[in-house]
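Fold and contact review
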Amino acid sequence: MNKVKKVAICPGSFDPVTNGHLDIIHRAAELFDEVIVLVLTNTSKTPVFTKEERVQLIERATADLPQVTVESFDGLLADYAKEKQAVAIVKGLRAMSDFEYEFQMALTNRKLYPEAETVFLTTKEEHMYLSSSLVRQVAGLGGDISDFVPACIVPDIFNKIGKGVK
Ligand code: PNS
């Protein structure tokens, strides 16, 4: 009997992707047959990297994971999840401060597409403090971001927002 592949979506703005995001993506890839990392619009944020740039950076950082693909989408996450018949939406939770916002999104997504469960993975302790805005801020002021993002995307981040390639 053919087993139906369990597809999960890791959504986010990924502006840019960090080691914290990548840890969640790796762990989602252990749990599901296919993982789609989906670059979306967060209407309360103004991104620095274009959607195409964000997709490229994630593609490079996940090149070692054959079950992971990277896409972007301009509409609702729930509509995309329905189109792909995804069984799960996987998000990382860093701290209680993330919880209220994430819980609200999870409930909204369940109303819009009940077939996908939102699954929260707790961020590893070493990534608790990490965020894309912190990476942008440190890079923008010429600081060392090598502990925050994979080495293969460091030059791109400095080319975009830093003071030249580090
Ligand atoms: O990394 P972020 O910015 O916390 O991710 C938030 C994101 C992009 C997943 C969220 O804003 C989103 O799902 N945007 C797509 C539009 C949508 O579906 N909005 C309703 C969400 S309840």
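Up top is the structure these notes are about.
Before going into details, it helps to say that this report is about the structure given with it. (Residues numbered from 1 in each chain as written. Predicted model: local features only at pLDDT ≥ 70, side-chain atom pairs only at ≥ 80, totals over all residues. Heavy atoms only, no water.)

**A short note on the nonpolar core**
With 34 residues, the main nonpolar core has Val 35, Val 37, Val 90, Ile 145, Val 149 and Ile 157 as its most contacted residues. For this core, the leading source of residues is helix α1 (residues 19-31), giving 5 residues. Non-local contacts of Val 149, meaning those with residues more than four positions away in its chain, are made with Val 17, Thr 18, Asn 19, Val 135, Val 154 and Ile 157. Residues Ile 9, Ile 36, Leu 77 and Tyr 113 belong to the second largest nonpolar core, which totals 13 residues. (Core = buried A, V, L, I, M, F, W, Y, C linked by side-chain atoms within 4.5 Å. Buried < 20%, exposed > 50% of the residue type's maximum accessible area, 1.4 Å probe, protein only. Helix = DSSP H or I, 4+ residues; strand = E, 2+ residues; numbered from the N terminus. Contact = heavy atoms within 4.5 Å.)

**Considering the environment of Tyr 80**
Along the chain, the position of Tyr 80 falls in helix α3 (residues 77-84). With residues up to four places along the chain from it excluded, the contact list for Tyr 80 reads Ile 9, Ile 36, Leu 38, Glu 71 and Phe 73.

**Examining the packing of aromatic side chains**
Aromatic ring pairs are reported here in terms of the distance separating the ring centres and the angle at which the planes meet. Within the structure shown, the criterion is met by 3 aromatic pairs. On the numbers, 5.1 Å between centres and 20 degrees between planes, the contact of Phe 99 with Phe 103 is stacked. Linking Phe 99 with Phe 103, this pair stays in helix α4 (residues 96-112), spanning 4 residues, or about one helical turn. Residues Tyr 129 and Phe 148 carry aromatic rings whose centres are separated by 6.0 Å and whose planes lie at 70 degrees to one another, so their mutual orientation is edge-to-face. With Tyr 129 in the loop between β5 (117-122) and α5 (132-140) and Phe 148 in the loop between α5 and α6 (154-161), this pair connects stretches of sequence that are 19 residues apart. (Phe/Tyr/Trp six-rings, centres within 6.5 Å; stacked < 30°, edge-to-face > 60°.)

**Quick look at the state of the cysteines**
Counting across every chain of the model gives 0 disulfides. For the unlinked cysteine Cys 10, the closest cysteine sulfur is that of Cys 152, found at 17 Å. On the accessibility criterion, Cys 152 (36% relative accessible area) is partly exposed. (Disulfide = S-S within 2.5 Å.)

**Quick notes on α3**
Taken residue by residue, α3 has Leu 77, Ala 78, Tyr 80 and Ala 81 as its buried positions. With its buried residues spanning 160 degrees around the axis, α3 presents them on a single face. Among the exposed residues of α3, those oriented more than 90 degrees off its buried face are Lys 82 and Glu 83. For α3, the elements touching its buried residues are β1 (7-12), β2 (34-39), β3 (68-72), β4 (88-93) and α4. Backbone geometry just downstream of α3 places Gln 85 in the positive-phi region, at approximately 50 degrees. (Arc of directions from axis to C-beta.)

**Observations regarding the pairing of β4**
Counting buried positions along β4 yields 5 of 6 residues, so the element is predominantly enclosed. Relative to β4, β1 runs parallel, the two being bridged by 2 bridges. Paired with Ala 8 across the bridge in β4 is Ala 88. With α4 bridging β4 and its parallel neighbour β5, the resulting β-α-β unit is right-handed. (Pairing = 2+ DSSP bridges. Right-handed = clockwise from strand over helix to strand, strands pointing away.)

**Quick look at the pairing of β3**
Note: β2 against β3, 5 bridges, orientation parallel. When the bridges of β3 are listed, Ile 36 appears paired with Thr 69. Running through helix α2 (residues 51-61), the crossover from β2 to the neighbouring parallel element β3 is right-handed.

**What about the side chain of Thr 123?**
Looking at where Thr 123 falls in the secondary structure, it is placed in the loop between β5 and α5. Residue class for Thr 123 comes out buried when judged on its relative accessible area of 11%.

**Here's the deal with the site of the ligand**
Among the 15 residues in the neighbourhood of the ligand, the closest are listed as Ser 13, Thr 41, Asn 42, Lys 45 and Leu 77. At a separation of 3.0 Å, a nitrogen atom of the ligand approaches a polar backbone atom of Thr 41. Asn 42 places a polar side-chain atom, nitrogen or oxygen, 2.8 Å from an oxygen atom of the ligand. When the ligand is considered free in solution it has 540 Å² of accessible area, and contact with the protein chains removes 83% of it. Mapped onto the shell around the ligand, the elements with two or more residues apiece are β1 and α4. No other element matches the 4 residues that α4 contributes to the shell around the ligand. Its residues placed into classes, the shell around the ligand shows 6 nonpolar, 7 polar and 2 charged. (Near = heavy atom within 4 Å. Polar contact = N/O pair within 3.5 Å; in protein donor to acceptor, adjacent residues only side chain to side chain. Areas by Shrake-Rupley, 256 points an atom, 1.4 Å probe, with all protein chains shown as cover. Nonpolar A, V, L, I, M, F, W, Y, C, P; charged D, E, K, R; others polar.)

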